[in-house]
Every structure is written in structure tokens, then in C-alpha cells.
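Take a look at the letters that make up each chain.
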Amino acid sequence: MATIEATSMEEDKAVVPPKPRFEPLKAHEMSEGGVQFRKVNVPAHRFSPLKKAWMEIYTPVYEQMKIDIRMNLKTRKVEMKTRPDTPDVGNLQKCADFVHAFMLGFDPMDAIALLRLDDLYVDTFEIKDVKTLRGEHLSRAIGRLSGKGGKTKFAIENSTRTRIVIADTKIHILGSFLNIKVARDSLCSLILGSPAGKVYSKLRAVSARLAEKF
């Protein structure tokens, strides 16, 4: 009886087919052969910087991410589309985020991190979202954010491992979710009138806690 059960179990094992292994689908296969597009507007003040840094943007997008990219001079938009050899459909959105970050004022060498890392974002807010300021009060708040020779901005960037662009009353922060939150809290404190020294000491304490976590 035992031998009959053993043989039947062996037969069952033999009958079970191996697990199928599917190759990952390419971008054009996922959309049934259709090409996917993204367009990014080019503001008038970013047209000249885009012209100068075009090769720095074009090379990683076309060669590394396998995405076609061109500048449409009529519509003033950077257009991107998938190719048959695009390895991942997510590459198109990453490239769109990379170009958009450049349009916001980030350096191409900083923005390129969006192509290489998955957990990076760009967060944008305005000074008026924190506190309604006008005239000289607004100018002083912008001055506090930058500091003398950009000292305050660099200190926040280095402590939180983020990149910050202050464009008039808009502030753009590039980094991971947690780091953006720390940088944003520091910038909000400065807008509300906290002295830079107090913000630095708080920033050091938070940065030390973040370093312990990771």
C-alpha cells in the first residue's frame, strides 16, 4: 500500500509543469505597438539655457533611456516618444520629469538624478502659501531664504541632501520625500521670520536623526 501511494505521489510531481518564465515586456509591446508621447513646455526665459545645455539633456535621454527627444520650435515644447528598443515604459515619464526639472531652473547635473533614482521628486510651493507678504517684506523674505552669497540656501541643501531653486516667489525642491519635508520646514521657518542661526541648529538636530535612520 505504501509503495502504491509513493508511486502516485511521484507521478503527481512529474505531472506538475514547470513555472512559465516570461521576458519583461518592452514599452512598445505594452501599448500594443503604439508610440507613447510626452511634451514639456519651454518658458521664454529657459529657451537660451536649453539651447546651451541641449547636449547634456539629449545624450542621457536618447542614449541611456532609449527615448527619442526633439525641440519643436513652432510650439516651443520639448517632445519625447518611446522607441521599439525602449526597455521600460517608465523611462518616458522619468525623462519628462528630468526635462521639467531643468525648465524649473535645476542644473542638468542635479536633475539627471531623476533618471537614475526612483525615489526622487520635485516639490513646488510659493511664499504666499506660507505667509502673505508684499513689497519690502517679500524682498526681505527672499533674501533670508538665500542668505549672503547664497550661504543659507547652500547650508539647507547640504544638510538635507536636496537641491533648491528660488525663482522669484516660487520655491522648487528636488530630493527624496523625507528630505524635501525637512528642507521645506526650514524654508518655511525662514519665511515666517526665524533667524538663520535658529534654523541651522534645528536643521543639524533633524539631519542627525535622519542620518541615524539610514
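Quantities reported herein were computed from a predicted structural model and do not represent experimental measurements.

Quick word on the overall build of the protein chain
When its secondary structure is counted, the protein chain shows twelve helices and six strands. Considering the protein chain as a whole, with its 214 residues, one finds that 36% of them fall into the buried category. Accessible area of the protein chain: about 13800 Å², with a carbon and sulfur share of 56%.

Focus on a nonpolar patch on the surface
There is a patch of nonpolar side chains on the surface, built from Tyr121, Phe177 and Leu178 and spanning about 330 Å² of accessible area. Relative to the helices and strands, tyrosine 121 resides in strand β4 (residues 120–126).

Quick look at the packing of helix α4 (residues 54–64) against helix α5 (residues 90–104)
Look at α4 against α5: their axes get within 11 Å of each other, and the N-to-C directions meet at 170°. It follows from the interaxial angle that α4 and α5 lie roughly antiparallel. Of α5, the residues touching α4 (which contributes Glu56, Ile57, Pro60 and Val61) are Cys95, Phe98, Val99 and Phe102. When the residues that make up the contact of α4 with α5 are grouped by side-chain class, the tally is seven nonpolar, no polar and one charged.

Definitions and limits used
Residues numbered from 1 in each chain as written. Predicted model: local features only at pLDDT ≥ 70, side-chain atom pairs only at ≥ 80, totals over all residues. Heavy atoms only, no water. Helix = DSSP H or I, 4+ residues; strand = E, 2+ residues; numbered from the N terminus. Buried < 20%, exposed > 50% of the residue type's maximum accessible area, 1.4 Å probe, protein only. Areas by Shrake-Rupley, 256 points an atom, 1.4 Å probe, with all protein chains shown as cover. Patch = residues over 30% accessible without salt bridge, like charges linked within 9 Å, V, L, I, M, F, W, Y side chains within 5 Å. Salt bridge = Lys/Arg side-chain N within 4 Å of Asp/Glu carboxyl O. Axes fitted to C-alpha atoms, helices over the stretch in contact; angles between N-to-C directions. Parallel < 35°, antiparallel > 145°, perpendicular 65-115°, else oblique. Contact = heavy atoms within 4.5 Å. Nonpolar A, V, L, I, M, F, W, Y, C, P; charged D, E, K, R; others polar.

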